Amino acid sequence: MKKTNPDSLNDLGRFSEPALFILLSLADGPKHGYAMTQDIEQVTGQKLGPGTLYGAIARLEARTWIEPLPSDDRRRPYKLTGAGERVLRARLESLRAVTRIGQTRLADA
Amino acid sequence: MKADRLLWLYPRPWRDRYGDEFVDLFDARDLMLSQVIDIIVGAVDARLSRDARVQSVSAPVSTTAGGGTEMTTLFATAAGRDRQLPFGSRQGVLGAIVLMVGYHGLKALAELLVDRGWQAAGTFVFYASFPVMAILFLNLTLLHDQPSRPRAHLVVAALSLVALLAGLAAR
């Protein structure tokens with residue numbers, strides 16, 4: 001049986017990558033949805049669709065990895081929580097390990 | 001097409017929670033086809049996926065760091081609210097009764113029509129019976145909290161398609 005860690009982005013299935021991008025986008029400060037899509041497109045080259053963006057936001061918010069900030073505007077900003085920061089750090093560390101192994105194998109080939 | 005024209009596809013708690021900021025993403029600009037598809041897929045996900053279901057109509061906006069939102073999610077999960085269907089038990093029971101009674105009623109009507117010599121009409125009713133009742137079932141359950149006008153358009157369009165296909169099958 002496949003083991004899943006409830007504190008892992010892998011648990012989000014097809015939303016794991018958009019969720020990673022959102023956490024990454026919020027790592028340097030709170031942003032609202034539109035600013036997130038702009039930032040993610042600039043950093044990753046991927047434009048998240050609105051359904052995908054808010055599907056991921058709803059999941060991240062339910063896990064309290066991000067939280068909304070008070071706003072009088074229609075554009076509600078979100079911030080990374082402590083738990084979200086830990087999840088992001090763990091995923092980046094995992095990606096770093098994968099990158100290192102891939103580069104080593106390519107160098108040996 | 002504008003984003004607010006598609007917002008009704010999402011369940012009401014989701015619209016209340018994210019609707020304004022969702023529509024604001026587009027600033028009244030027309031959507032591209034890929035965005036329309038993404039919104040439709042997202043709406044199906046919001047309705048069917050337990051993971052994506054919005055817990056509360058007025059989701060709290062925490063004014064303090066941490067705390068409030070985490071506690072709300074914890075209590076909602078403990079109470080089993082994330083396992084709720086997007087319709088109440090009354091709608092579920094009513095929908096199931098309509099589905100079963102209507103389906104068997106239409107099948108009996110189809111047999112009666114065939115017995116009376118109206119072969120084509122009987123075949124038409126037979127083929128249409130289950131899809132028609134399934135559409136009415138969805139109308140009474142998953143779509144029951146949607147605005148009446150777009151819901152009526154959707155139901156009429158689905159019933160028309162069923163009538164067309166059943167008509168072709170009965171020829």
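This structure is a prediction, so every number in the text was calculated from the model and none was measured. (Residues numbered from 1 in each chain as written. Chains lettered and ligands numbered in written order. Predicted model: local features only at pLDDT ≥ 70, side-chain atom pairs only at ≥ 80, totals over all residues. Heavy atoms only, no water.)

## Overview of the interface of chain A and chain B
- With 28 residues of chain A in contact, the opposing surface of chain B contributes 31 residues.
- Of the roughly 2,500 Å² buried between chain A and chain B, counting both surfaces, carbon and sulfur atoms make up 51%.
- In this structure, the connection of chain A to chain B is made through four salt bridges.
- Taking the shortest distance from any N to any O, the salt bridge between D24(B) and R74(A) comes out at 3.7 Å.
- In this structure, the connection of chain A to chain B is made through eight residue pairs in polar contact (both at pLDDT 80 or more).
- Counting residues per element, the ones that place at least two in the side of chain A that touches chain B are α2 (33-44), α3 (50-62), β1 (66-68) and β2 (78-80) of chain A.
- Among the elements that take part in the side of chain A that touches chain B, α3(A) stands out by supplying 11 residues, more than any other. (Contact = heavy atoms within 4.5 Å. Buried area = accessible area lost by both parts, 1.4 Å probe. Salt bridge = Lys/Arg side-chain N within 4 Å of Asp/Glu carboxyl O. Polar contact = N/O pair within 3.5 Å; in protein donor to acceptor, adjacent residues only side chain to side chain. Helix = DSSP H or I, 4+ residues; strand = E, 2+ residues; numbered from the N terminus.)

## Here we look at the confidence of the model for chain B
Residue and element names in this part refer to chain B.
- For chain B, mean pLDDT is 75; residues scoring 70 or higher make up 75% of the total.
- Mean pLDDT values over the elements of chain B span from 38, in helix α3 (residues 68-78), up to 89, in helix α1 (residues 12-24).
- Predicted confidence for residues 56-84 stays below pLDDT 50, and this span has 38 contacts to residues more than four positions away or in other chains.
- Scored as a complex, the prediction yields pTM 0.59 and ipTM 0.83. (pLDDT = per-residue confidence, 0-100.)

## Considerations on α2(A)
Residues and elements named next belong to chain A.
- Its 12 residues place the ends of α2 16 Å apart at the C-alpha level, agreeing with the 16 Å of an ideal helix rising 1.5 Å per residue.
- All of the buried residues along α2 are G33, M36, T37, D39 and I40.
- The secondary structure elements touched by the buried residues of α2 are α1 (16-26), α3 and β2. (Expected span 1.5 Å × (residues − 1). Buried < 20%, exposed > 50% of the residue type's maximum accessible area, 1.4 Å probe, protein only.)

## Notes on the packing of α1(A) against α3(A)
All names here are of chain A.
- Where α1 meets α3, the closest approach of the two axes is 9 Å, and the angle between their N-to-C directions is 75°. Between α1 and α3, the interaxial angle falls into the category roughly perpendicular. Here P18, A19, I22 and L23 of α1 come into contact with α3, specifically with T52, L53, A56, I57 and L60.
- Each residue belonging to the contact of α1 with α3 can be placed in one class, and the counts come to eight nonpolar, one polar and no charged. (Axes fitted to C-alpha atoms, helices over the stretch in contact; angles between N-to-C directions. Parallel < 35°, antiparallel > 145°, perpendicular 65-115°, else oblique. Nonpolar A, V, L, I, M, F, W, Y, C, P; charged D, E, K, R; others polar.)

## Here we look at the pattern of salt bridges
- Inspection of every chain in the model, using the stated rule, returns 11 salt bridges over all chains.
- Across the pair D45(B) and R59(A) runs a salt bridge whose closest N-O atoms are separated by 2.9 Å. In this pair, D45(B) is assigned in helix α2 (residues 33-48) and R59(A) in helix α3, connecting two distinct chains.
- For D45(B), a relative accessible area of 13% gives the class buried.
- Each of E61(A), R17(B) and E21(B) takes part in salt bridges that share partners, so that together they form one network.

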